[in-house]
Amino acid sequence: MPVNMEDYIRLLETMVEQQKMQIQSQDARILEQEQTIAQLRALVDELRLLKSGLEETLEEFKRQLFGTKSEKTKTPPASAGDEPENPPAKTTVKEHTRTKKKKATRDERYADIPVRDVIIPVRIKTGSARTAMRK
């Protein structure tokens, strides 16, 4: 502790200056953090938009890949004014019992196909051709 008052006042002034400098540095740091937070929030918003767009695209691809395509789909119910003029005629099919056919053998399958024997003459080459064929 200083003995005289002037030294004590100087010590207090330096402490006040140090605290002011510390407050300024903390204010600068807080401002920098607020800017970073604002940038991160903007980035989060962009990523949410991107995610929703990608999810929508994924759902569309799923509909294209796993959708009904050309299969029969349910038609919407027809209203009273949309009735067809000529309704299709109904046909009744007589019942019958299905019989299992015996599998045909190879001879039975190919019995009607004409067969010809074709003889192809074989030429034997002499000399180096024979040795080349053996190798």
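Residues numbered from 1 in each chain as written. Predicted model: local features only at pLDDT ≥ 70, side-chain atom pairs only at ≥ 80, totals over all residues. Heavy atoms only, no water.

1. Describing the overall build of the protein
Move 1: Looking only at helices and strands, the protein features three helices and zero strands.
Move 2: Starting at the N terminus and walking to the C terminus, you meet the elements of the protein as α-α-α.
Move 3: Looking at the protein residue by residue over its 135 residues, the buried ones come to 0%.
Move 4: Only carbon and sulfur atoms are counted for the fraction: they give 56% of the accessible area of the protein, which is about 15,200 Å². (Helix = DSSP H or I, 4+ residues; strand = E, 2+ residues; numbered from the N terminus. Buried < 20%, exposed > 50% of the residue type's maximum accessible area, 1.4 Å probe, protein only. Areas by Shrake-Rupley, 256 points an atom, 1.4 Å probe, with all protein chains shown as cover.)

2. Section: a positive patch on the surface
Move 1: Residues Lys100, Lys103, Arg106 and Arg109 make up a contiguous surface patch of positive charge.
Move 2: Considering the arrangement of structural elements, one finds Lys103 in the loop between helix H1 (5-66) and helix H2 (106-109). (Patch = residues over 30% accessible without salt bridge, like charges linked within 9 Å, V, L, I, M, F, W, Y side chains within 5 Å. Salt bridge = Lys/Arg side-chain N within 4 Å of Asp/Glu carboxyl O. Lys, Arg positive; Asp, Glu negative; His and termini not counted. Charge placed at Lys NZ, Arg CZ, Asp CG, Glu CD.)

3. Focus: the confidence of the model for the protein
Move 1: For the protein, per-residue confidence averages 81 on the pLDDT scale, and residues scoring 70 or more make up 73% of the total.
Move 2: Per-element confidence in the protein ranges from a low mean pLDDT of 54 for helix H3 (residues 128-134) to a high of 94 for H1. (pLDDT = per-residue confidence, 0-100.)

4. So, the pattern of salt bridges
Move 1: A full pass over the atoms with the stated rule returns five salt bridges.
Move 2: For Asp7, the salt bridge is made with Arg10, and the minimal N-O distance between the two is 3.1 Å. Linking Asp7 with Arg10, this pair stays in helix H1, spanning three residues, or about one helical turn.
Move 3: We classify Arg10 as partly exposed; its relative accessible area is 47%.
Move 4: The residue Glu60 makes a salt bridge to Arg63 at a minimum N-O spacing of 2.7 Å. Of this pair, Glu60 and Arg63 both sit in helix H1, three residues apart, which is roughly one turn of the helix.
Move 5: Relative accessible area serves as the criterion here: at 34%, Glu60 is assigned to the partly exposed category.
Move 6: The structure contains a network of salt bridges with shared partners spanning Glu6, Asp7 and Arg10.

5. Here we look at a nonpolar patch on the surface
Move 1: Where nonpolar side chains cluster on the molecular surface, the patch consists of Met5, Tyr8, Ile9, Leu11, Leu12 and Met15 and spans about 550 Å² of accessible area.
Move 2: For Met5, the position within the fold is in helix H1.
Move 3: Look at Met5 and you get exposed, because its relative accessible area is 59%.

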